[in-house]
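The primary structure of each chain is shown beneath.
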Amino acid sequence: QELMAASYVTPRLVLRPTDEQDAEFFFELLNSPKWLANIGDRRVYSVETAERYIAERIVAQREKYGYASFTLLRRQDSVKIGVCGLYRRDGLQLVDLGFALLPKYEGFGYAFEACQELIQKASEDFKIEELAAITLPQNVASRKLLGKLGFQFEKFFHLPNDETELCYYLK
């Protein structure tokens, strides 16, 4: 694919394609209590495992499709605060919009700002006209954000080989 994900800039954020230099940050994010509760244990128990996770799950997807996860950096100080991305998932026909912030950066509108930018770029840069989003029923903050972003709740469903009931949204 000719078009590889660029970095995007919003008023307060830089969305930079995630790569191995983000391993330490990913180790922290993937082991934060809210990630574990709302997204699940990805078995990333060391910085080395985080590097492998990024190479195998994120960089590989970006090389195949041109897009994947973006690391969110605050423009004012370049601090890494979270991730937002376009993900190909087994069991989903559509590309999934996903996001997560370190808890101390929640509640400032950063996820909304990043997701809005990525929804626009999905259409403009990657010709993705319809997006899905999945979240746990009890993840009220994510469900509210998806509504604010214009996603509509469609149904409850399960990913293949997973008993967890999820909410499936479409935009």
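Each value, and the rule that gives it
- Residues numbered from 1 in each chain as written.
- Predicted model: local features only at pLDDT ≥ 70, side-chain atom pairs only at ≥ 80, totals over all residues.
- Heavy atoms only, no water.
- Helix = DSSP H or I, 4+ residues; strand = E, 2+ residues; numbered from the N terminus.
- Rg over C-alpha atoms; globule rule 2.2 N^0.38 Å.
- Buried < 20%, exposed > 50% of the residue type's maximum accessible area, 1.4 Å probe, protein only.
- Contact = heavy atoms within 4.5 Å.
- Lys, Arg positive; Asp, Glu negative; His and termini not counted.
- Charge placed at Lys NZ, Arg CZ, Asp CG, Glu CD.
- Disulfide = S-S within 2.5 Å.
- Axes fitted to C-alpha atoms, helices over the stretch in contact; angles between N-to-C directions.
- Parallel < 35°, antiparallel > 145°, perpendicular 65-115°, else oblique.
- Nonpolar A, V, L, I, M, F, W, Y, C, P; charged D, E, K, R; others polar.
- Pairing = 2+ DSSP bridges.

Student: I'm lost on the overall build of the protein in this one. Help?
Tutor: Counting its secondary structure elements, the protein contains five helices and eight strands. Its helices and strands taken in sequence order, the protein reads β-β-α-α-α-β-β-β-α-β-α-β-β from the N to the C terminus. For a compact globule of 171 residues, the expected C-alpha radius of gyration is about 16 Å, and the protein comes in at 15 Å, within 12% of that figure. In terms of its C-alpha atoms, the protein occupies a principal-axis envelope of roughly 40 × 35 × 35 Å. A total of 171 residues make up the protein; the buried ones form 49% of that total. Within the protein, counting contacts between residues at least 6 apart in sequence, those at least 24 apart form 59% of the total. Put simply, the protein has 22 plus and 25 minus side-chain charges, and the middle of one group is 4 Å from the middle of the other.

Student: Would you mind going over the state of the cysteines with me for this structure?
Tutor: In a disulfide, the sulfur atoms of two cysteines are held together by a covalent bond. Inspection of every chain in the model, using the stated rule, returns zero disulfides. Counting only cysteine sulfurs, cysteine 115 is the nearest neighbor of cysteine 84, a cysteine outside any disulfide, at a range of 3.7 Å. Relative accessible area serves as the criterion here: at 0%, cysteine 84 is assigned to the buried category. Its relative accessible area of 0% is what places cysteine 115 among the buried residues.

Student: Sorry if this is basic, but what is going on with the environment of proline 160 here?
Tutor: Within the secondary structure layout, proline 160 lies in the loop between strand E7 (152-157) and strand E8 (166-170). Through-space distance from the C-alpha of proline 160 to that of glutamine 21 is 31 Å; in sequence the pair is 139 residues apart. When near neighbours in sequence (up to four residues on either side) are disregarded, proline 160 contacts Asp90 and Gly91.

Student: Is there a simple way to explain the packing of helix H1 (residues 23-30) against helix H3 (residues 47-65) in this structure?
Tutor: In helix packing, the relevant descriptors are the interaxial angle and the interaxial distance, both defined with respect to the helix axes. Put simply, H1 and H3 touch, their axes get as near as 8 Å, and they point 95° apart. In this view, H1 runs roughly perpendicular relative to H3, as classed from their interaxial angle. Of the residues in H3, those touching H1 at Ala23, Glu24, Phe26, Phe27 and Leu30 are Val47, Ala50, Glu51, Tyr53, Ile54 and Ile58. Considering only residue class, the contact of H1 with H3 consists of nine nonpolar, no polar and two charged.

Student: Would you take a moment to explain the sheet that holds strand E6 (residues 131-135) for this structure?
Tutor: Across a sheet, paired strands are connected by hydrogen bonds in the backbone, their directions being either parallel or antiparallel. Reading across from one edge, E1-E2-E3-E4-E5-E6-E8-E7 is the order of the eight strands in this open sheet, with mixed pairing throughout. Because the sheet does not close on itself, it has two edges, and the strands there are strand E1 (8-9) and E7. Sheet analysis places E1 next to strand E2 (residues 13-17), joined by two bridges and oriented antiparallel. Each residue of the ladder has a partner; that of tyrosine 8, found in E2, is leucine 15. Packed on one face of the sheet, H1 meets strand E3 (69-74), strand E4 (80-87) and strand E5 (95-101) and runs near 85° to E4. Along the sheet, helix H5 (residues 140-148) contacts E5, E6, E7 and E8; its crossing angle with E6, the most-contacted strand, is approximately 160°.

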